[in-house]
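Spelled out, the chains give:
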Amino acid sequence: MEELTLELCEATEIHEDLLKAVRDTMPEETELYDLAELFKVFGDSTRIRILFVLFEAQVCVCDLAQALGMTQSAISHQLRILKQNKLVKSRREGKSVFYSLADDHVRTIIEMGREHIEED
């Protein structure tokens, strides 16, 4: 990874018009906190792997554990976090509980992240 050098201003000059535009559009602190918390959920590679499986099909915990080579307990723990953050949903069918993406936003967030990291 190449080292980046940050350039700094040579003089202190406050651009009030720009700052006013920023202040007028900045979300509330609680919304910023919630957004940061959502992105923390994406900060775990196991949860990302689970989401990639769910891109392809609705699956139960048994299937996820098998697909990812993990225990059902470990998968359940990650699914709980994903569900609490409204990224996955579940439905019961007989003795099985099937998980799926909560909505298309989840796929869009991941796809945009992939595009970003693949940029030159």
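See above for the structure.
Since this is a predicted model, take the numbers as computed values, not measurements. (Residues numbered from 1 in each chain as written. Predicted model: local features only at pLDDT ≥ 70, side-chain atom pairs only at ≥ 80, totals over all residues. Heavy atoms only, no water.)

A. Representation of the packing of helix α3 (residues 45–56) against helix α4 (residues 61–68) within the structure. Packing of α3 against α4 leaves a shortest axis separation of 11 Å and a crossing angle of 115 degrees. The orientation of α3 relative to α4 falls into the category roughly perpendicular. Of the two elements, α3 crosses α4, and the hand of that crossing is right-handed. On the side of α3, the interface is formed by R49, I50 and V53, while α4 contributes L64, A67 and L68. For the contact of α3 with α4, the class distribution of residues is 5 nonpolar, no polar and 1 charged. (Axes fitted to C-alpha atoms, helices over the stretch in contact; angles between N-to-C directions. Helix = DSSP H or I, 4+ residues; strand = E, 2+ residues; numbered from the N terminus. Parallel < 35°, antiparallel > 145°, perpendicular 65-115°, else oblique. Left-handed = near helix turned anticlockwise from the far one by under 90°. Contact = heavy atoms within 4.5 Å. Nonpolar A, V, L, I, M, F, W, Y, C, P; charged D, E, K, R; others polar.)

B. A negative patch on the surface, seen in detail. A cluster of acidic residues, D103, D104, E111, E115, E118, E119 and D120, forms a negative patch at the surface. Relative to the assigned elements, D104 resides in helix α6 (residues 104–118). Exposure remark for D104: the relative accessible area of 60% places this residue in the exposed category. (Patch = residues over 30% accessible without salt bridge, like charges linked within 9 Å, V, L, I, M, F, W, Y side chains within 5 Å. Areas by Shrake-Rupley, 256 points an atom, 1.4 Å probe, with all protein chains shown as cover. Salt bridge = Lys/Arg side-chain N within 4 Å of Asp/Glu carboxyl O. Lys, Arg positive; Asp, Glu negative; His and termini not counted. Charge placed at Lys NZ, Arg CZ, Asp CG, Glu CD. Buried < 20%, exposed > 50% of the residue type's maximum accessible area, 1.4 Å probe, protein only.)

C. Region of interest: the pairing of strand β2 (residues 88–93). Where β2 lies against strand β3 (residues 96–101), 6 bridges are found, and the strand directions are antiparallel. Residue R91 lies in a different strand from β3, and its bridge partner there is F98. Between β2 and the antiparallel strand that follows it, β3, lie 2 residues; G94 among them carries a positive phi value of about 65 degrees. (Pairing = 2+ DSSP bridges.)

D. Focus on the pattern of salt bridges. In total, this model carries 3 salt bridges according to the counting rule given. Across the salt bridge formed by K40 and E37, the nearest N and O atoms sit 2.9 Å from each other. Here the residue K40 and the residue E37 both occupy positions in helix α2 (residues 29–41), the gap between them amounting to 3 residues, near one helical turn. On the basis of relative accessibility, which here comes to 53%, the residue K40 falls in the exposed class. A salt bridge links E93 to R91; the nearest nitrogen and oxygen atoms lie 2.6 Å apart. Given the relative accessible area of 37%, R91 is considered partly exposed.

E. Seen up close, the side chain of T46. Secondary-structure assignment places T46 in helix α3. Ignoring anything within four residues of it in the chain, the contact list for T46 reads M70 and Q78.

F. Spatial organisation of the nonpolar core. In this structure, I50, L51, L64, I75, L79 and L82 are the most contacted members of the largest nonpolar core, which totals 22 residues. At the level of elements, α3, α4, α5 (72–84), β3 and α6 are the ones that each hand at least two residues to this core. The element contributing the most residues to this core is α3, with 5 residues. (Core = buried A, V, L, I, M, F, W, Y, C linked by side-chain atoms within 4.5 Å.)

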